[in-house]
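Notes for the structure review
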Amino acid sequence: MLRQHSAVWRATFIALDLTISALAFLGAYWIRFGLEWAKEVGDVPPFRAYLQVLPVLALILWITNSHFQLYLPRRTTSFIDEMGDVVKSNFAAALLLMTFFFMNRSFSYSRTTVAIFALLNPMAVISFRLGLRLVLRSLRARGYNMRSALIVGTGRTAQELLHRLRKNPWTGIRLAGLISRSAEMVGTSVHGIPVIGSTAELDSVLDRHEIDQVYLALPASQKALLEDIARRLSERFVALRIVPDISYYVSADQLTNF
């Protein structure tokens, strides 16, 4: 049921996101040709010609936004990173739209309108996404819009992730438990979170619990195990998040300086 709701929410979010961009494009037309000072520049092109561009614009933005993963869940992604991806996607979309206008010789579209849209759309989309984040954070802090997650691992990386999730309840991630490499740890707890299975039992744990996300927080030295778990999870409808093992790339002396 939760996954069905997620699919409906994702489709609704995409529709709202593209609608805002369509309104921004029409707003750019109005700024260019609707204001009194703009009318003095020359003849006003028909509004219908710009309305006909909206399906093409929606397709372009869907492609660029999908490329920059703007339609994937971003519960644990910083808003600064999301803003950067919005700007990059919009820049790519503006270039593709200009290419479409150049190839379409049947009508001469205003390059100034595209330039205004390239400035107006990121501001509109970022404002929309910021407002949505604030609303969702408030709901998650009250226990709504939650996602159930497992952490595969019990070591330092897993414990650091555990503490980060606890300090940031706005992510809406509720930990169902930990998965250990050793069967001997099953039934114990790490910082209050129960170890509910071993890596060998991961499939049966997923069958018993409704899990939305799995965080792989194993040492990088366990490459074979990481690949095996990733392969097994690829056959399930769960989101996989790989947590980097910092200690594998940084020496012990460097870690003490953090």
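Residues numbered from 1 in each chain as written. Predicted model: local features only at pLDDT ≥ 70, side-chain atom pairs only at ≥ 80, totals over all residues. Heavy atoms only, no water.

Remarks on the nonpolar core
Short version of the rule: Definition of nonpolar core: a set of buried residues of the types Ala, Val, Leu, Ile, Met, Phe, Trp, Tyr and Cys, connected through side-chain atoms within 4.5 Å. Relative accessibility under 20% of the residue-type maximum defines a buried residue, over 50% an exposed one, and the middle range a partly exposed one, all with a 1.4 Å probe and only protein chains included. Secondary structure elements follow DSSP: runs of H or I no shorter than four residues count as helices, runs of E no shorter than two count as strands, and numbering proceeds from the N terminus. Here a residue-residue contact requires only that any non-hydrogen atoms of the pair lie within 4.5 Å.
Counting residues in each nonpolar core, the largest one holds 28 residues, and the members touching the most others are Phe25, Tyr50, Leu57, Leu97, Phe101 and Phe117. Sorting the residues of this core by element identifies helix H1 (2-34), helix H3 (47-51), helix H4 (54-67), helix H5 (79-103) and helix H6 (111-141) as the ones contributing at least two each. When residues of this core are assigned to their parent elements, the largest contribution, 10 residues, is made by H1. Beyond its immediate sequence surroundings of up to four residues, Leu97 is in contact with Phe25, Val53, Leu57, Ile60 and Val114. Counting residues in each nonpolar core, the second largest holds 16 residues, with Leu202, Val214, Leu225 and Leu233 among its members.

Here we look at the layout of surface pockets
The following threshold applies: In this analysis the probe radius is 1.4 Å and the grid spacing 1 Å, with only protein atoms considered; a cavity is a set of points the probe fits into but cannot get out of, a pocket is an open set with protein on both sides within 12 Å along at least five of seven lines, and lining residues have an atom within 4 Å of a point. Grid points are joined across faces, edges and corners, and a volume is the space filled by probe spheres set on the points. Gly is put with the polar residues, along with every residue not named as nonpolar or charged; the nonpolar set is Ala, Val, Leu, Ile, Met, Phe, Trp, Tyr, Cys and Pro, and the charged set is Asp, Glu, Lys and Arg.
The calculated volume of the largest pocket comes to roughly 840 Å³. Every residue lining the largest pocket is counted, 30 residues in all, and those nearest its centre are Trp9, Leu72, Pro73, Arg74 and Arg147. Here the element with the most residues in the lining of the largest pocket is H1; it accounts for 7 residues. Its residues placed into classes, the lining of the largest pocket shows 15 nonpolar, 3 polar and 12 charged.

Points about empty space enclosed by the protein
The full count for this structure, using the stated rule, is 1 cavity of 30 Å³ or more. Approximately 70 Å³ is the volume found for the largest cavity. Along the walls of the largest cavity sit Asp17, Ser21, Leu61, Asn65, Leu70, Val86, Ser89, Asn90, Asn121, Val125 and Arg129, which together make up its complete lining. A breakdown of the residues in the lining of the largest cavity according to their chemical character gives 4 nonpolar, 5 polar and 2 charged.

As for unusual backbone geometry
Of note, the phi angle at Gln69 is positive, near 60°, even though the residue is not glycine. If you trace the backbone, Gln69 turns up in the loop between H4 and H5.

Let's talk about the packing of H4 against H5
The condition that has to hold: Note on geometry: axes are lines fitted to C-alpha atoms, helical ones only across the stretch in contact, with angles between N-to-C directions running from 0 to 180 degrees. The scheme is simple: roughly parallel for angles under 35 degrees, roughly antiparallel for over 145, roughly perpendicular for 65 to 115, oblique for anything else. Should the near helix be turned counterclockwise from the far one by less than a right angle, the crossing is left-handed, whereas a clockwise turn marks it as right-handed.
Between H4 and H5, the least distance of the axes is 9 Å, while the angle of their chain directions is 140°. The orientation of H4 with respect to H5, classified from their angle, is oblique. The element H4 and its partner H5 pack so that their crossing is right-handed. In this structure, H4 uses Val56, Leu57, Ile60, Leu61, Thr64 and Asn65 to contact H5, whose residues at the interface are Ser89, Ala92, Ala93, Leu96, Leu97 and Phe100.

Structural notes on the sheet that holds strand E2 (residues 173-180)
The criterion, for reference: Each pair of strands is called paired provided DSSP finds at least two bridges between the two strands.
An order of E3-E4-E2-E1-E5-E6 is seen for the 6 strands of this open sheet, with the pairing classed as mixed. For this open sheet the edge positions go to strand E3 (189-190) and strand E6 (239-242), each flanked by a neighbour on one side alone. Looking at chain direction, E2 and strand E4 (residues 193-198) are connected through 3 bridges and run parallel. Bridging across to E4, Leu178 finds its partner in Val195. Its contacts with the sheet place helix H7 (residues 156-167) against strand E1 (147-152), E2, E3, E4 and strand E5 (213-216), and it is angled at close to 165° to E2.

Quick notes on the pairing of E5
Every second residue of E5 is oriented toward a common face, with Gln213 and Tyr215 on one face and Val214 and Leu216 on the other, all of them buried. Of the strand pairs in this sheet, E1 and E5 are connected by 4 bridges, and their pairing is parallel. Within E5, the residue paired with Val152 across the bridge is Leu216. Bridging between E5 and E6 involves 4 bridges; their strand directions are parallel. Counterpart to Val214 in the pairing with E6 is Leu240.

Looking at the side chain of Ser110
Along the polypeptide, Ser110 turns up in the loop between H5 and H6. Discounting chain neighbours no more than four positions away, the residues touching Ser110 are Arg32, Phe33 and Tyr50.

So, the pattern of salt bridges
The condition that has to hold: The salt bridge criterion pairs a side-chain nitrogen of Lys or Arg with a carboxyl oxygen of Asp or Glu, the two atoms within 4 Å.
For the coordinates displayed, the defined rule picks out 10 salt bridges. Ionic pairing is found between Glu82 and Arg129, a salt bridge with its closest N-O pair at 2.7 Å. One end of the pair, Glu82, is in helix H5; the other, Arg129, is in helix H6, and 47 residues separate them in sequence. Here Glu82 falls in the buried class, since its relative accessible area comes to 4%. For Arg129, a relative accessible area of 4% puts it in the buried group. With a shortest N-O distance of 3.6 Å, Asp203 and Arg236 are connected by a salt bridge. Pair noted here: Asp203 is in helix H8 (residues 202-208) and Arg236 is in the loop between helix H9 (223-233) and E6, with a separation of 33 residues, a long-range link.

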